[in-house]
There are 2 protein chains.
Amino acid sequence: MSERVEFVLSCPLPITDYKNILLGHGSGGKLSADLIKKIFLSQFKNPYLGPLNDAAVFEVNGTRLAFTTDSYVVNPIFFPGGDIGKLAINGTINDLAVSGARPLYISAAFILEEGFPIENLWKIVLSMKSACEESGVLLVTGDTKVVDKGKGDKVFINTSGIGIVEKDIQISSDRARPGDKVILSGAIGLHGIAILSVREGLEFETQIISDTAPLTPLVMDMLSVSTKIHCMRDPTRGGIASALNEIASSSKVGIRIEENKIPIPREVQGACEMLGLDPLYVANEGKLIAIVDREDAECIVKKMKAHALGREAAVIGEVLDDHPGIVFMKTRIGSTRVVDMLTGEQLPRIC
Amino acid sequence: MSERVEFVLSCPLPITDYKNILLGHGSGGKLSADLIKKIFLSQFKNPYLGPLNDAAVFEVNGTRLAFTTDSYVVNPIFFPGGDIGKLAINGTINDLAVSGARPLYISAAFILEEGFPIENLWKIVLSMKSACEESGVLLVTGDTKVVDKGKGDKVFINTSGIGIVEKDIQISSDRARPGDKVILSGAIGLHGIAILSVREGLEFETQIISDTAPLTPLVMDMLSVSTKIHCMRDPTRGGIASALNEIASSSKVGIRIEENKIPIPREVQGACEMLGLDPLYVANEGKLIAIVDREDAECIVKKMKAHALGREAAVIGEVLDDHPGIVFMKTRIGSTRVVDMLTGEQLPRIC
């Protein structure tokens, strides 16, 4: 049997386009989803992993815990508004928060490239410390590995986190129901464009700053007025378009959003036009999307607006009972377009 | 103020030797310990991280949980006896096991290099699946990142794990007491030499195979006959010498071991002599060191010997009331030598 035929039999991915890993497999778009579904989900089937939420929620001795992991490979490691360390702490806190969990404990594992200046590591550690303190989480376990020069890129950080789900809530990407409202917490695209502006040496009238921030206080406020939050995601890699597509697909519902309800900062819009990017796909690091019962939408948005991170919160759309798995957008000029998952890679190494 | 002076003021490491990260900072030896203590522990002070155990143990709603993280950067990714995937699952399971915890849930985060063959990823995933099944743990959450070609090395895997501590035990590196016995579960050096033999193209009469294996069943058997296990470590990077030094240092005790009690396979001894390595510092991936109350030592060893992974278990030394922080070895010829932490890097990227 030829090597090629054997591979087809043993490996579930169609190999024509994907014999090797592409940058797009890390984009959070269609290639990522394919890889995760065919390679990982096909082997690790269990009720916790299946819905592909930002964290797994399970019960231990009657206590509901949330558990999440993320590796950070952002380039550059220092950027306006933060650095890889702050991002790693806030990102894992946010994955717990959007699962309805209060973050308790966090781990940090570093992969350092030989020759990396210890001074930079020190700056990153100070920034992680301050992010942990801001959110009241304890960094309780860690690991340090070093790889030879040219076999890594300065520093990669994995953070995993454990939180406790105290409310009687069920938040999961497969729980959106027709009639539910879609809430967005604020302006999109800031993190992605902040990273890109450094990487490409772009200059704007006002500097674009990453929105990296811990979402726990905002989420706890939302949960204090409603337990009918059905899905919640922080739209990082792949932006709000990918997060909504994942929800539409997991819940087998259609979702319609309205372009004129989505706050896009002028600088983000300008940078996107210049670079040929769609802000719906640009990463955010301090925003959330919530799919909530229509009856509670108004009081949730009102509560969010009282919070610094939710001042621009708004209902931006609703869940439909037809077109399962499809996200539509009513554009500013009144037409309707499909907002699909991205196939390739828009912005590599954004987080 | 010059850049150099500012750095001295802001960063606690003496910069003369260590301005940049060296391979030795990942060795598990003296440089690692220094980096961890000065950069990480100085900022993240809390009772869970302090003793530098293989896992942090804390209580949530009356349930004692263990939490651990490790990134795997082993090179090569496939080796006799296993691959990076099996190592990543078993390694994290073992960090929980030697904390007295039954592993429950595990996370997996992949950093893939652009161009990595998907077929190899598939093999690794199958091997992780089988390791999870062997230990009855569920992989419940994950992450996939891709870095540009030349900015990573094939695949790095982080696994974090959560376990439950069900027995009324207190296992921690700072709990060794004078008079305690030191138990080693079996022959040392197999993992490190297996990796090295592939990397250096060495050939032996019989192939040396990594000892990667899950230690949970062995540990649960030990705990079934004694709750007086004071410290337990799986001596991976840096070998049994580093694990014992960390215990001696955390517990502020001396430790004396006897060379003729330590099983060293003939091939490991031969390879070490040829390469100028000391087997005491070579990594193991399926062995444990336990410091136990002297009265229980015999029954623990007896129980261990009934287990496949503990057949060669033996008391190899004892804890002293003098020379705090120092590990001694009585050699085969009757002399005594200090077994210090390694300063540099003996075997980079061994796990």
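Keep in mind that this is a model prediction, so the values were computed, not measured.

Definitions and limits used
- Residues numbered from 1 in each chain as written.
- Chains lettered and ligands numbered in written order.
- Predicted model: local features only at pLDDT ≥ 70, side-chain atom pairs only at ≥ 80, totals over all residues.
- Heavy atoms only, no water.
- Helix = DSSP H or I, 4+ residues; strand = E, 2+ residues; numbered from the N terminus.
- Buried < 20%, exposed > 50% of the residue type's maximum accessible area, 1.4 Å probe, protein only.
- Pairing = 2+ DSSP bridges.
- Axes fitted to C-alpha atoms, helices over the stretch in contact; angles between N-to-C directions.
- Domains from an automatic or database assignment.
- Contact = heavy atoms within 4.5 Å.
- Buried area = accessible area lost by both parts, 1.4 Å probe.
- Salt bridge = Lys/Arg side-chain N within 4 Å of Asp/Glu carboxyl O.
- Polar contact = N/O pair within 3.5 Å; in protein donor to acceptor, adjacent residues only side chain to side chain.

K.L.:
Tell me about unusual backbone geometry, residues and numbers included.
P.N.:
Residues and elements named next belong to chain A. Looking along the chain, the bond that leaves N75 and enters P76 is cis, with omega of 5°. You can see P76 is positioned in the loop between β2 (63-72) and β3 (78-79). Not every positive phi belongs to a glycine, and N61 is a case in point at roughly 50°. Take N61: it is sitting in the loop between β1 (56-60) and β2. Under the relative-accessibility criterion, N61 is labelled exposed at 61%.

K.L.:
Give a detailed account of the sheet that holds strand β14 (residues 336-338) of chain B, specifying residues and quantitative values.
P.N.:
Residue and element names in this part refer to chain B. Spatially, the 7 strands line up as an open sheet ordered β9-β11-β8-β12-β10-β13-β14, and their pairing is mixed. The open sheet has two edge strands with one neighbour each: β9 (229-233) and β14. Adjacent strand axes in the sheet meet at a mean angle of 25° when their direction is disregarded.

K.L.:
Run through the domain arrangement of chain A, naming residues and quoting values.
P.N.:
Residues and elements named next belong to chain A. Per the domain assignment, the segments of chain A are domain 1 (23-164) and domain 2 (181-338). Using C-alpha coordinates to define each centre, domain 1 is positioned 21 Å away from domain 2. If you look at the interface, domain 1 gives 27 residues, while domain 2 gives 27 residues. Both sides together, the interface formed by domain 1 and domain 2 hides about 2100 Å², and carbon and sulfur atoms give 56% of it. Contact with domain 2 buries surface across domain 1, with P80, N94 and V98 losing the most and accounting together for 27% of the total. Between the two partners, domain 1 and domain 2, sit 1 salt bridge. The shortest N-O distance in the salt bridge between D54 and R233 comes to 3.2 Å. The interface formed by domain 1 and domain 2 includes 9 residue pairs in polar contact (both at pLDDT 80 or more). The set of elements that each furnish at least two residues to the side of domain 1 that touches domain 2 consists of α4 (84-97), β5 (102-113) and α5 (118-135). Per element, the largest residue contribution to the side of domain 1 that touches domain 2 is 8 residues, and it comes from α4.

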